[in-house]
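Coordinates in review
Okay, here's what each chain looks like letter by letter:
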Amino acid sequence: MSNHIILGIQVGNGRVTVKGHPARDEFELISALYLVLRQASESDELGEGGFKGAIVGEPRLTQGMTYQSEHLPVTIGGRHFRISVKTERG
């Protein structure tokens with residue numbers, strides 16, 4: 001029996017979805033994060049204004065023999081962050 005993992009971002013009482021369903025893989029999850037952070041960078045109302053003016057880069061894929069990762073670069077107040085979602089092949 002394999003595990004079924006649902007990836008998503010919980011916001012308030014709802015889940016941020018991609019194309020109407022929860023994210024199914026690392027690419028969809030990082031895409032949902034990208035959309036949320038882009039919207040938050042343009043609004044004082046999302047994230048209590050803490051993301052206002054953030055610079056959100058395009059998601060980037062990294063692959064190796066046993067893994068695949070999606071990276072999302074974000075700069076907030078001059079500090080650089082990289083959000084990574086990694087899957088490993090067994």
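Note that the structure is a prediction, hence the values are computed from the model and not measured.

**Observations regarding the overall build of the protein chain**
Along the protein chain, the regular secondary structure elements total one helix and six strands. When the helices and strands of the protein chain are placed in sequence order, the string is β-β-α-β-β-β-β. Within the protein chain, contacts between residues at least 6 apart in sequence are counted, and of these 22% link residues at least 24 apart. By element, 52% of the accessible surface of the protein chain is carried by carbon and sulfur atoms, the whole surface being about 6,600 Å².

**Examining the environment of leucine 29**
Tracing the sequence through the fold places leucine 29 in helix α1 (residues 26–41). Leucine 29 gets classed as buried once you look at its relative accessible area, which sits at 12%. Linking leucine 29 and valine 85, residues 56 residues apart in sequence, is a C-alpha distance of 8.0 Å.

**Observations concerning the pairing of strand β6 (residues 79–88)**
By the bridge criterion, 10 bridges tie strand β5 (residues 67–76) to β6 in an arrangement that is antiparallel. Looking at the pairing, isoleucine 76 lines up with arginine 79 of β6. Following β5, the chain reverses through two residues before pairing antiparallel with β6; glycine 77 in that reversal takes a positive phi of roughly 55 degrees.

**As for the side chain of serine 31**
Assignment of secondary structure puts serine 31 in helix α1. One polar contact links the side chain of serine 31 to the main-chain carbonyl oxygen of phenylalanine 27, over a distance of 2.9 Å.

**Here's the deal with the pattern of salt bridges**
When the charged atoms of two side chains with opposite charge come close together, those side chains can pair. Applying the stated criterion to the full structure yields one salt bridge. Among the ionic pairs, lysine 86 bridges to glutamate 88, the shortest N-O distance being 3.8 Å.

**A word on the packing of aromatic side chains**
Tallied over the full model, the rule gives zero aromatic pairs. Across the ring face of tyrosine 67, the terminal group of lysine 86 is positioned such that the distance to the ring centre comes to 4.8 Å.

**Concerning α1**
Think of an α-helix as turning once every 3.6 residues; residues three or four places apart then point the same way. Taking 1.5 Å per residue, 16 residues should reach 22 Å; α1 reaches 22 Å between its end C-alpha atoms and fits that length. Burial in α1 covers these residues: Glu26, Glu28, Leu29, Ile30, Ser31, Ala32, Leu33, Tyr34, Leu37, Ala40 and Ser41.

**Quick word on the environment of threonine 87**
Structurally, the position occupied by threonine 87 is in strand β6. On the basis of relative accessible area, threonine 87 is assigned to the partly exposed category, the value being 31%. Note: C-alpha distance between threonine 87 and serine 69 (18 residues apart in sequence) is 6.3 Å. Once you skip the residues sitting within four places of it in the chain, threonine 87 turns out to touch Glu26, Thr66, Tyr67 and Gln68.

The rules behind these values
Residues numbered from 1 in each chain as written. Predicted model: local features only at pLDDT ≥ 70, side-chain atom pairs only at ≥ 80, totals over all residues. Heavy atoms only, no water. Helix = DSSP H or I, 4+ residues; strand = E, 2+ residues; numbered from the N terminus. Contact = heavy atoms within 4.5 Å. Areas by Shrake-Rupley, 256 points an atom, 1.4 Å probe, with all protein chains shown as cover. Buried < 20%, exposed > 50% of the residue type's maximum accessible area, 1.4 Å probe, protein only. Pairing = 2+ DSSP bridges. Polar contact = N/O pair within 3.5 Å; in protein donor to acceptor, adjacent residues only side chain to side chain. Salt bridge = Lys/Arg side-chain N within 4 Å of Asp/Glu carboxyl O. Phe/Tyr/Trp six-rings, centres within 6.5 Å; stacked < 30°, edge-to-face > 60°. Lys NZ or Arg CZ within 6 Å of the ring centre and 35° of its normal. Expected span 1.5 Å × (residues − 1).

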